[in-house]
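For reference, the chains in residue letters:
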Amino acid sequence: MIAPTILRRSSRTLLSSTFLVSSCQKSLYSSRLMSTSASTILQSLPHADTFIGKDITGAIDNLMKADCVCFDVDSTVVDEEGIDVLADHLGLGEAVAALTKQAMEGGLPFQDALAQRLELLKPSKQSIEECLEAHPLRLTPGVAEFIGELHFQNKHVYLVSGGFRIMIEPVANILNISVRDNIVANTILFDQDGQYAGFDPNEPTSRDMGKPKALQRIQEAGGYKTMIMIGDGATDAQAKPPAASFIGFGGVARREKVVQLSDWFVTDFSLLTKVVREAAK
């Protein structure tokens, strides 16, 4: 169940989603996409906190022509770390948060951090459901509008996360992202009584360097030519290649290693929305 407050806030942004746009409108919109150059768009952007990155013009150009945009979830699409929310709910927040911080900053191999955190938590299916009922994950400001614009322009959107599918699916539903086809995330395993029984080690995002593998699978399955990865962590930066550009997001947590690895580092999704809208003028 998603809390009514989340649904009310999100409903205002869903008017630009794919469900309310005809295929004819999309086709007309897409035909105008490259009428504005990346350099022209860059000059039109506000100067405060926008010119950080190794290849900003390249990132804007790739975002303009992208047919697939992949997002990390924790501290990117939502404004917190899902596993930390679950840990707080179970009274183990401090210990788990320390491991999360090490993993996000690249100081601990992701698979080790994941295993250690889950061994501490041992969450049952019921405890996760109760956590989401008490504290549904909050969308980061501006992300629903940005994803709605990507859908409007017929760009395919994926959630690629080291978090847990059971916690990400409600977020995907709000954003009109296919739960079945457009999520790559970790699967927690439960026994017949719903008690924690480990996690699926075959999910690509269950280990370090999993995100490039996940994007490679997505690219091969969808035949995408230009992919973008957007996220806040060092594991997200690893997704280039196959991503053409990595856009680091620091609107929730600013990580200096991510700043250094980003083709473009941004702190506000409205800036990215502006880019894709300007490109279509």
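Bear in mind that the values here come from a model prediction, so they are computed numbers and not experimental data.

Calculation rules
Residues numbered from 1 in each chain as written. Predicted model: local features only at pLDDT ≥ 70, side-chain atom pairs only at ≥ 80, totals over all residues. Heavy atoms only, no water. Helix = DSSP H or I, 4+ residues; strand = E, 2+ residues; numbered from the N terminus. Buried < 20%, exposed > 50% of the residue type's maximum accessible area, 1.4 Å probe, protein only. Contact = heavy atoms within 4.5 Å. Areas by Shrake-Rupley, 256 points an atom, 1.4 Å probe, with all protein chains shown as cover. Phe/Tyr/Trp six-rings, centres within 6.5 Å; stacked < 30°, edge-to-face > 60°. Pairing = 2+ DSSP bridges. Axes fitted to C-alpha atoms, helices over the stretch in contact; angles between N-to-C directions. Core = buried A, V, L, I, M, F, W, Y, C linked by side-chain atoms within 4.5 Å.

(A) Just the overall build of the protein, in detail. The secondary structure content of the protein amounts to 14 helices and 8 strands. Among the 281 residues that make up the protein, the fraction classed as buried is 54%. Contacts in the protein between residues far apart in sequence, at least 24 positions, make up 68% of those at least 6 positions apart. For the protein, the exposed surface amounts to about 12100 Å²; the carbon and sulfur share of it is 52%.

(B) Highlighting the environment of Val 77. Its place among the elements puts Val 77 in the loop between strand E1 (68-71) and helix H5 (82-89). Judged by relative accessible area, which is 0%, Val 77 ranks as buried. In this structure the C-alpha to C-alpha distance between Val 77 and Gly 142, which are 65 residues apart in sequence, comes to 9.2 Å. Those residues in contact with Val 77 that sit more than four places away from it in its chain are Phe 71, Asp 72, Arg 138, Leu 139, Thr 140, Val 143, Leu 159, Val 171 and Leu 175.

(C) Inspection of the packing of aromatic side chains at higher detail. Within the structure shown, the criterion is met by 5 aromatic pairs. An angle of 25° between the planes, with centres 6.0 Å apart, marks the rings of Phe 146 and Phe 269 as stacked. On the criterion of sequence distance, the pair formed by Phe 146 in helix H9 (residues 143-152) and Phe 269 in helix H14 (residues 269-279) is long-range, its members being 123 residues apart. The exposure class assigned to Phe 146 is buried, which follows from its relative accessible area of 0%. Centroid distance Phe 249 to Phe 269: 4.2 Å. Interplanar angle 15°. Geometry classified as stacked. Linking Phe 249 in strand E7 (residues 245-249) with Phe 269 in helix H14, this pair joins segments that are 20 residues apart in sequence.

(D) Seen up close, the sheet that holds strand E3 (residues 183-186). Strand order across the open sheet formed by 6 strands is E3-E2-E1-E6-E7-E8, with parallel pairing between neighbours. Looking at strand neighbours, the two that pair on one side only are E3 and strand E8 (264-266), the edges of this open sheet. Recorded for the sheet is a direction-independent mean angle of 15° between the axes of neighbouring strands. In the sheet, E7 pairs with E8 via 3 bridges, with the strands oriented parallel. If you follow Ile 247 over to E8, its bridge partner there is Trp 264. Those strands touched by H14 are E1, strand E6 (227-231), E7 and E8, and its axis lies near 125° from that of E8.

(E) Layout of the nonpolar core. With 60 residues, the main nonpolar core has Ile 60, Phe 71, Val 77, Ile 230 and Trp 264 as its most contacted residues. Top element by residues in this core is H14. It accounts for 6 residues. Filtering out sequence-adjacent residues up to four positions away, Phe 71 remains in contact with Val 77, Val 143, Phe 146, Ile 147, Leu 150, Val 157, Tyr 158, Leu 159, Val 160, Met 229, Ile 230 and Phe 269. Of all hydrophobic cores here, the second largest spans 18 residues; its members include Ala 214, Tyr 224, Met 227 and Phe 246.

(F) Quick peek at the side chain of Glu 203. Structurally, Glu 203 can be placed in the loop between strand E5 (196-199) and helix H11 (210-222). Ignoring sequence-local partners within four residues, the contact set of Glu 203 consists of Ala 185, Asn 186 and Thr 187.

(G) Highlighting the pairing of E6. The buried fraction of E6 is high, at 5 of 5 residues. Burial along E6 is two-sided: Met 227, Met 229 and Gly 231 facing one way and Ile 228 and Ile 230 facing the other are all buried. Looking at chain direction, E1 and E6 are connected through 4 bridges and run parallel. If you follow Cys 68 over to E6, its bridge partner there is Met 227. Here E6 runs beside E7; their pairing, made up of 4 bridges, is parallel.

(H) Quick look at H14. H14 sits mainly inside the fold: 8 of its 11 residues count as buried. Residues of H14 that are buried include every one of Phe 269, Leu 271, Leu 272, Thr 273, Val 275, Val 276, Glu 278 and Ala 279, and no others.

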